[in-house]
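Architecture at a glance
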Amino acid sequence: MDGDRVEIDGGIMEGGGQILRVSTALSCLLGLPLRVRRIRAGRNQPGLRPQHLSGLEIVRDLCDGKLNGGEIGSTEITFTPGKIKGGTHIADTKTAGSVCLLMQVAMPCVLFAASPSELHLKGGTNAEMAPQIDYTVMVFKPIVEKFNFTFNCDIKRRGYYPQGGGEVVVQMSPVKELSPINLTERGTVTKIYGRAFVAGALPIKLAKEMSAAAVRCIRKEIRDLYINIQPVREPDDQAVGTGSGIIIVAETSTGCFLAGSSLGKRGKNADKVGIEAAEMLLQNLKHGGTVDDSLQDQLIIFMALAKGVSRVKSGPITLHTQTAIHFAEQLTKAKFTVTKLEEEDPGNNTYIIECQGMGMINPNL
C-alpha cells in the first residue's frame, strides 16, 4: 500500500487484461486508489494493448478519475477514482479490440452511477479471445439481468479483425443494490438455436455450411430436439470488413443459457467452424452446470457486489474465474467458496461457486 493505494500484481494467475478490468471497476466502485504493476507481464506483447487502454479510459471518464501510465505498452498504471456519474460516454479501441471486454469493465460501474448512462463502444464485435457480441446479447444478458437490473444493447455496426470498426450502444439505468442469484438447477434442454453469419466478401453458402455441420454434430448426441441455426449474411451497411462465425445456444427448462461459438478465419473450412462451436456447446452441456465456461468468470464481480448469498453451479473452474475471485476478494469484503459436488457422480466435474456478497449500495439513489 502506498498511502492507502491498493497494490495489484497484474502478472499473476491468468495474468491478462481481466485483472485490469476487475480491479479497475472495483476501484471505481469502492473509491479505492489503485496501482497495477507488471500488467500482462507474461504475454508475448506485455503491457497495455489498445483495448485495455480504452477500458481504463472509459472508467476514468465515467468517474472523473485520474489515470497515470495510460499509454500503449505501459506495464504499470495508477488510478484514482472520483464520483461515478451517468451520461453519454464513448470508448473506441480504434482496432478490432473487443467491445464486449469494454462492456465488462464499464457495466458494473454505471450500475452505481448517479443517473442513466449511454455507452458508445467501438471496436471488434466478433473478436478472438473474447465473447462475441451475439454471446453477450443471447447468453450474458438474460443471466446477468437476474441480479435485478436491465440493459439495452443495440448493435449499430459489426466490425471484424483486423480493422474493427464496429459499434454497439449500451443503455442502462443505475440501481440501488444488486440482488443475489441462485443458479443451481440446470433442468432439461428445451431449445437449441443460433446464428451462423458471414459479412463482407464472403458468400452466404459458408454460413449454410457452418450451420449444417453444427447441426450434424449436435444430432449425434441430441436426437429429439429441433435445432434452428439461422444462416445470415450481415447487411453491408451494418458491417465493416469481412468476417464469419457461429454461435449456438441451448436454453433449458429453468431459464439457463449455455453456448458454443467459433469464428472463421482464412484457410479454416466452414465445416470446421461449425463443428468447433457444436463441440464446445456439447462440452458445456456435459458437465451439468447452469453456466458455460465463458459466463462463469463474468458473473464473479456481480456476485461480489450483490447483497446476500449467490450460488452458481458450474463445470470445472476456469483460470479466468479463479483470477476474478482472487481480485474480487482482495478488493471487496465479499467471500467466495468453491465446492466440488462429489455426491452426484464422482467422475463428474461439477462445482458450486458460492459468494457472500458485500452488498454495495448506490450512494446516489
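A quick note: this is a predicted structure, and the numbers were derived from the prediction, not measured.

Take the sheet that holds strand β16 (residues 335-340) next. Strand order in the open sheet formed by four strands is β9-β15-β17-β16, with mixed pairing between adjacent strands. Each of the sheet's edge strands pairs with one partner strand only, and the pair in question is β9 (182-183) and β16. Across two bridges, β9 lies against strand β15 (residues 309-314) in parallel orientation. Looking at β15, one finds that L183 is bridged to V312. The strands that helix α9 (residues 319-331) touches are β16 and β17 (351-356); relative to β16, the one it contacts most, it runs at about 150 degrees.

Further remarks concern the UniProt feature "domain: RNA 3'-terminal phosphate cyclase" (unreviewed entry) in the chain. The UniProt entry lists residues 13-338 under the feature "domain: RNA 3'-terminal phosphate cyclase" (unreviewed entry), expressed in the numbering used here. Secondary structure within residues 13-338 divides into 33% helix and 27% strand; the distance between the first and last C-alpha atoms comes to 17 Å.

Going through the model one piece at a time under the given rule, you end up with zero disulfides. Cysteine C256 shares no disulfide, and the gap to the nearest cysteine sulfur, in C355, comes to 19 Å.

Our next topic: the packing of aromatic side chains. For the coordinates displayed, the defined rule picks out six aromatic pairs. Taken together, a centroid distance of 6.2 Å and an interplanar angle of 50 degrees make the contact between F140 and F151 tilted. Of this pair, F140 sits in helix α4 (residues 133-144) while F151 sits in strand β7 (residues 151-159), and the two are eleven residues apart along the sequence. We classify F140 as buried; its relative accessible area is 5%. Measuring from centroid to centroid gives 6.3 Å for F140 and F302, while their planes differ by 55 degrees, and the two rings are tilted.

Accessible area lost on assembly of the parts is the figure often given for the size of an interface. Each domain of the chain was delimited in the assignment, giving domain 1 (6-178 + 315-321) and domain 2 (189-287). Taken together, the contact pairs 22 residues of domain 1 with 25 residues of domain 2. Together domain 1 and domain 2 conceal approximately 1,700 Å² of surface at their shared face, both sides included; 63% is due to carbon and sulfur atoms. Interface area lost by domain 1 to domain 2 is led by Q132, M138 and Y160, which between them contribute 34%. Summed over the shared surface of domain 1 and domain 2, the number is three salt bridges. With its nearest N and O atoms 3.2 Å apart, the salt bridge here joins R158 to E234.

Take the pattern of salt bridges next. This structure, assessed with the given rule, holds 24 salt bridges. The salt bridge partner of R195 is E234, with a shortest N-O separation of 3.0 Å. Separated by 39 residues along the polypeptide, R195 in strand β10 (residues 189-199) and E234 in the loop between β11 (227-233) and β12 (239-240) bring together distant segments of the chain. An identical accessibility class is assigned to R195 and E234; each is buried.

With that out of the way, let us pick up the layout of surface pockets. In this structure, the largest pocket spans a volume of roughly 1,300 Å³. Lining the largest pocket are 45 residues, and of these L101, A127, E128, M129 and A130 sit closest to its centre. Listing elements by their share of the lining of the largest pocket, those giving two or more residues are α1 (17-30), α2 (50-62), α3 (99-111), β14 (257-263), α6 (270-286) and α7 (293-296). When residues in the lining of the largest pocket are grouped by element, the largest group, five residues, is from β14. By residue class, the composition of the lining of the largest pocket is 13 nonpolar, 20 polar and twelve charged. In this structure, the lining of the largest pocket is formed jointly by two domains, domain 1 (6-178 + 315-321) and domain 2 (189-287), each of which donates at least three residues. Taken as a whole, the second largest pocket holds about 530 Å³ of empty space. Forming the walls of the second largest pocket are 21 residues, and the residues nearest its centre are T242, G243, G264, K265 and R266. Sorting the residues of the lining of the second largest pocket by element identifies α5 (204-219), β13 (243-252) and α6 as the ones contributing at least two each.

Conventions and cut-offs
Residues numbered from 1 in each chain as written. Predicted model: local features only at pLDDT ≥ 70, side-chain atom pairs only at ≥ 80, totals over all residues. Heavy atoms only, no water. Pairing = 2+ DSSP bridges. Helix = DSSP H or I, 4+ residues; strand = E, 2+ residues; numbered from the N terminus. Contact = heavy atoms within 4.5 Å. Axes fitted to C-alpha atoms, helices over the stretch in contact; angles between N-to-C directions. UniProt positions renumbered as here; feature names shortened; annotations may be inferred. Disulfide = S-S within 2.5 Å. Phe/Tyr/Trp six-rings, centres within 6.5 Å; stacked < 30°, edge-to-face > 60°. Buried < 20%, exposed > 50% of the residue type's maximum accessible area, 1.4 Å probe, protein only. Domains from an automatic or database assignment. Buried area = accessible area lost by both parts, 1.4 Å probe. Salt bridge = Lys/Arg side-chain N within 4 Å of Asp/Glu carboxyl O. 1 Å grid on protein atoms, 1.4 Å probe; cavity = no way out; pocket = protein on both sides within 12 Å on 5 of 7 lines; lining within 4 Å. Points joined across faces, edges and corners; volume = space filled by probe spheres on them. Nonpolar A, V, L, I, M, F, W, Y, C, P; charged D, E, K, R; others polar.

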